[in-house]
Amino acid sequence: MDDKEISAILEKFPHRIESYPKGEVYCLAGYPLKYADIILEGRLSTRMDGGESGKSVEMTSLREGNMIAPAFLYAKDRNMPVRVDAVKDTTILRFTVGDFSKMLDESTVLRWNFIRMLSNVNVFLTGKMRFVALLSAKEKIAKVLLDLSEKQSSDTLILEKSRQELAESLGIQKISVIRALSDWEEEGAIEVEGKQVRILNKGALKF
């Protein structure tokens, strides 16, 4: 949507701005999604806990422009399966579900954007389920490195998370991350210096 279309909608439908300081909880797992919220700035992390096992997996990181849990907005069970926390100071544009529904009825562009977003969420979650359930720890780490290399358009990449944060996001132990990087370095597949990783042999990271 262009600026003119966005302004027209904001002028017509009630909305408000909400702020979540870094470290504040946006929503706990098991609590219902109450609003149609869009992130204006900042970042939220969604994390699924493993109950008695004590393990947790970061499902995704939500950034500027992302809508929070759109697939749950009109679900029969709107209870969130994940905990959502602000990892940066975050500002949110908030609509009631009723007002957002009226917006979808009025704007064809917004309606189709919303449908497309739901489709993308479904594709993402399907891939995430395969990633978490079927890949080994080493395969998960290799995929992260290859994806970062593509994202940063370079074989010399900067890790966006610490070893511990990376392990938590993948649902594995920190020692698994350290061991995999060390093994690949000994094999001559990569060079590691702090958060900088230089890929020397991409073939060795493909399974």
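No experiment lies behind these values; they were computed from the predicted model shown.

Asks: How would you sum up the packing of helix α4 (residues 137–152) against helix α6 (residues 174–186)? Please name residues and give values.
Replies: In the contact formed by α4 and α6, the axes pass within 10 Å of each other and the chain directions differ by 70 degrees. Between α4 and α6, the angle falls in the class roughly perpendicular. The segment α4 lies against α6, with Ala-137, Lys-138, Ile-141, Ala-142 and Leu-145 engaging Ser-176, Val-177, Ala-180, Leu-181, Asp-183 and Trp-184. For the contact of α4 with α6, the class distribution of residues is eight nonpolar, one polar and two charged.

Asks: Tell me about the pairing of strand β7 (residues 90–96), and please be specific about residues and values.
Replies: In terms of burial, β7 is a largely internal element, six of the seven residues being buried. Where strand β1 (residues 16–20) lies against β7, five bridges are found, and the strand directions are antiparallel. Within the sheet, the bridge partner assigned to Ile-17 lies in β7 and is Leu-93. In the sheet, strand β3 (residues 35–41) pairs with β7 via six bridges, with the strands oriented antiparallel. Residue Ala-36 lies in a different strand from β7, and its bridge partner there is Phe-95.

Asks: Describe the sheet that holds strand β10 (residues 196–199), listing the residues and the values that go with them.
Replies: Here three strands make up an open sheet; going across it, the order is β8-β10-β9 and the pairing antiparallel. Each edge of the open sheet carries a strand with a single partner, namely β8 (156–158) and β9 (190–193). Here the average twist between neighbouring strands, direction ignored, is 20 degrees. Looking at chain direction, β9 and β10 are connected through four bridges and run antiparallel. By the bridge assignment, Glu-191 is partnered in β10 with Arg-198.

Asks: I'd like a rundown of the nonpolar core, residues and numbers included.
Replies: One finds Tyr-26, Leu-44, Ile-68, Leu-73, Met-80, Phe-100 and Met-103 to be the most contacted residues of the largest nonpolar core, which totals 29 residues. Mapped by element, the contributors of at least two residues to this core are β2 (25–27), β3, β5 (56–62), β6 (83–86), β7, α2 (97–106) and α3 (108–134). In contact with Ile-68, other than residues within four places in its own chain, are Tyr-26, Leu-33, Asp-37, Ile-39, Leu-44, Leu-62 and Ile-92. Leu-166, Ile-172, Val-177 and Trp-184 belong to the second-largest nonpolar core, a separate cluster that totals 21 residues.

Asks: Go over the side chain of Arg-43, please, and point to the residues and values.
Replies: By secondary structure assignment, the location of Arg-43 is in the loop between β3 and β4 (44–49). Residue classification places Arg-43 among the buried residues on the basis of a relative accessible area of 19%. Residues in contact with Arg-43, not counting those within four places in the same chain, are Ser-61, Leu-62, Arg-63, Asp-85, Ala-86, Val-87, Lys-88 and Thr-90.

Asks: Give me the environment of Asn-113: which residues, what numbers.
Replies: By the element assignment, Asn-113 lies in helix α3. Residue Asn-113 is classed as partly exposed on the basis of its relative accessible area, which comes to 30%. Separated by 87 residues in sequence, Asn-113 and Tyr-26 have C-alpha atoms that sit 24 Å apart.

Asks: I'd like a description of the layout of surface pockets, backed by residues and values.
Replies: Volume-wise, the largest pocket comes out at about 1,000 Å³. Lining of the largest pocket is provided by 26 residues; of these, Glu-58, Ser-61, Glu-160, Lys-161 and Ser-169 occupy positions nearest its centre. Residue assignment for the lining of the largest pocket shows that the elements contributing at least two residues are β4, β5, α3, α4 and α5 (163–170). Here the lining of the largest pocket is composed, by residue class, of nine nonpolar, five polar and 12 charged. For the second largest pocket, the calculated volume is near 590 Å³. In terms of lining residues, the second largest pocket is bounded by 23 residues, among which Thr-60, Leu-62, Pro-70, Val-121 and Phe-124 are the most central. Partitioned by chemical class, the residues of the lining of the second largest pocket number 17 nonpolar, five polar and one charged.

Asks: Tell me about α4, and please be specific about residues and values.
Replies: If you check α4, its first and last C-alpha atoms are 23 Å apart, about what 16 residues at 1.5 Å a residue would give, namely 22 Å. Backbone geometry just downstream of α4 places Ser-153 in the positive-phi region, at approximately 55 degrees.

What counts, and at which threshold
Residues numbered from 1 in each chain as written. Predicted model: local features only at pLDDT ≥ 70, side-chain atom pairs only at ≥ 80, totals over all residues. Heavy atoms only, no water. Axes fitted to C-alpha atoms, helices over the stretch in contact; angles between N-to-C directions. Helix = DSSP H or I, 4+ residues; strand = E, 2+ residues; numbered from the N terminus. Parallel < 35°, antiparallel > 145°, perpendicular 65-115°, else oblique. Contact = heavy atoms within 4.5 Å. Nonpolar A, V, L, I, M, F, W, Y, C, P; charged D, E, K, R; others polar. Buried < 20%, exposed > 50% of the residue type's maximum accessible area, 1.4 Å probe, protein only. Pairing = 2+ DSSP bridges. Core = buried A, V, L, I, M, F, W, Y, C linked by side-chain atoms within 4.5 Å. 1 Å grid on protein atoms, 1.4 Å probe; cavity = no way out; pocket = protein on both sides within 12 Å on 5 of 7 lines; lining within 4 Å. Points joined across faces, edges and corners; volume = space filled by probe spheres on them. Expected span 1.5 Å × (residues − 1).

Honestly, it's all geometry; don't read function into it.
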